[in-house]
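Close look at the chain arrangement
Listed below, chain by chain, are the residues.
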There are 6 protein chains.
Amino acid sequence: MPIIQFDGGSMSKEDKVKLAAKLTEAANSVLPNIPKEAFTVVIKENNPDNIAVGGTLLSDRK
Amino acid sequence: MPIIQFDGGSMSKEDKVKLAAKLTEAANSVLPNIPKEAFTVVIKENNPDNIAVGGTLLSDRK
Amino acid sequence: MPIIQFDGGSMSKEDKVKLAAKLTEAANSVLPNIPKEAFTVVIKENNPDNIAVGGTLLSDRK
Amino acid sequence: MPIIQFDGGSMSKEDKVKLAAKLTEAANSVLPNIPKEAFTVVIKENNPDNIAVGGTLLSDRK
Amino acid sequence: MPIIQFDGGSMSKEDKVKLAAKLTEAANSVLPNIPKEAFTVVIKENNPDNIAVGGTLLSDRK
Amino acid sequence: MPIIQFDGGSMSKEDKVKLAAKLTEAANSVLPNIPKEAFTVVIKENNPDNIAVGGTLLSDRK
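This text gives an overview of the structure that appears in the document.

**Let's talk about helix α1 (residues 13-30) of chain D**
In a regular helix each residue adds 1.5 Å, so 18 residues correspond to 26 Å; α1(D) covers 26 Å between its end C-alpha atoms and thus fits that length. The set of residues buried in α1(D) consists of D:Lys16, D:Leu19, D:Ala20, D:Leu23, D:Thr24, D:Ala26, D:Ala27, D:Asn28 and D:Val30. Where α1(D) is buried, its residues contact β3 (51-53) and β4 (56-57) of chain A, β1 (3-8) and β2 (40-45) of chain D together with β1 (3-8) and α1 (13-30) of chain E.

Written as structure tokens, this is what we have:
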């Protein structure tokens, strides 16, 4: 049942395919007793207007 | 103040109405000391490209 | 794959058993195409010092 | 590294700018040992159809 | 109903009191149409063994 | 800024070290434009009494 939630920016379908596969493999290599099929990955895509670092939105940082 | 967050796929308005009502009733029946009005339900709709089980996106599983 | 996260206070094992069963049944009754086995419930128990409503911690509200 | 996630309704860009700055300042004033640059704010905008209080969706409460 | 979740390290009760009050005021000053009483703050305290930046746990970074 | 939250069971410090490193490497290999230092991993350890699959707590499934 482990759940891996990834909060980042927008991503292509191709990158989502790779990200889900690689995060699952990474976690499964550390926790080999948990079958790969038990891992859920949830990818949350966020607008650069909706994330801030140091109090400034990503869309305003460059 | 309990918060019930539901992460699933897209849903019709009608299903959201029912889901919010039923999750709240379910929780309230187990925790009757907490008034129904204190429960918040947050429904997160996710694209099948953004969820993976066993390392494979839901959109690629069939 | 739907994930139901419940953020509340501490709970007895008995209440957790009931809460998990009832939240799952509630969601499954609204979304009957998703097999019951696909639902995950995560119960987060929070200290009343760690939740505030209206800016005041629950532990200070009475 | 503290992460402040804000789950609310839709918001203008201008309000997001202010919200990110003010939440970061507020947290930094309480925890001055953590540099402002270490705080991340994530703003999640939710449709009034996707939030319920007391079992009723916000879009149906008025 | 806005929900402000703060994920940080352990904190004294005194800091939690201030953090909850200040985050709520900050958000309410940007969104004055939402009554202060409608904001919930959830403080999650994490062990430095459970947070990593750049792939290294906070407990191993100094 | 991407944030990777891992919700699983309890883990040794050694496994947390590996998990944080491997999840970060995995994500960075898919998104090489984001510097490794910008990724935060948050590991949430949950009691088997607090997770249910198919409506039954993990602690009651065997």
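**Some words on the relation of the copies chain E and chain F**
Superposition of chain E onto chain F requires a rotation of 120 degrees combined with a translation of 0.0 Å along the rotation axis, giving an RMSD of 0.0 Å. Both copies are brought into coincidence by an operation consistent with a three-fold rotation axis. By C-alpha distance to the rotation axis, the residue of chain E lying nearest is E:Lys44, at 5.8 Å. Residue by residue, only 7% of the interface of chain E is reproduced at the interface of chain F, so the copies engage with different surfaces.

**Digging into the sheet that holds strand β4 (residues 56-57) of chain D**
Here eight strands make up an open sheet; going across it, the order is β4(D)-β3(D)-β2(B)-β1(B)-β1(C)-β2(C)-β3(F)-β4(F) and the pairing mixed. In this open sheet, the two strands that pair with only one neighbour each are β4 of chain D together with β4 (56-57) of chain F. Taken together, the six bridges between strand β1 (residues 3-8) of chain B and strand β2 (residues 40-45) of chain B define a ladder with parallel strand orientation. Note on β2(B): the bridge partner recorded for B:Ile4 is B:Val41. The sheet strands contacting helix α1 (residues 13-30) of chain B are β1 and β2 of chain B, β1 (3-8) of chain C together with β3 (51-53) and β4 of chain D, and the helix crosses β2(B) at an angle near 140 degrees. In the packing of helix α1 (residues 13-30) of chain C onto the sheet, the strands contacted are β1 of chain B, β1 and β2 (40-45) of chain C together with β3 (51-53) and β4 of chain F, and the crossing angle to β2(C) comes to about 140 degrees.

Conventions and cut-offs
Residues numbered from 1 in each chain as written. Chains lettered and ligands numbered in written order. Predicted model: local features only at pLDDT ≥ 70, side-chain atom pairs only at ≥ 80, totals over all residues. Heavy atoms only, no water. Helix = DSSP H or I, 4+ residues; strand = E, 2+ residues; numbered from the N terminus. Expected span 1.5 Å × (residues − 1). Buried < 20%, exposed > 50% of the residue type's maximum accessible area, 1.4 Å probe, protein only. Contact = heavy atoms within 4.5 Å. Least-squares fit on C-alpha atoms with pLDDT ≥ 70 in both. Pairing = 2+ DSSP bridges. Axes fitted to C-alpha atoms, helices over the stretch in contact; angles between N-to-C directions.

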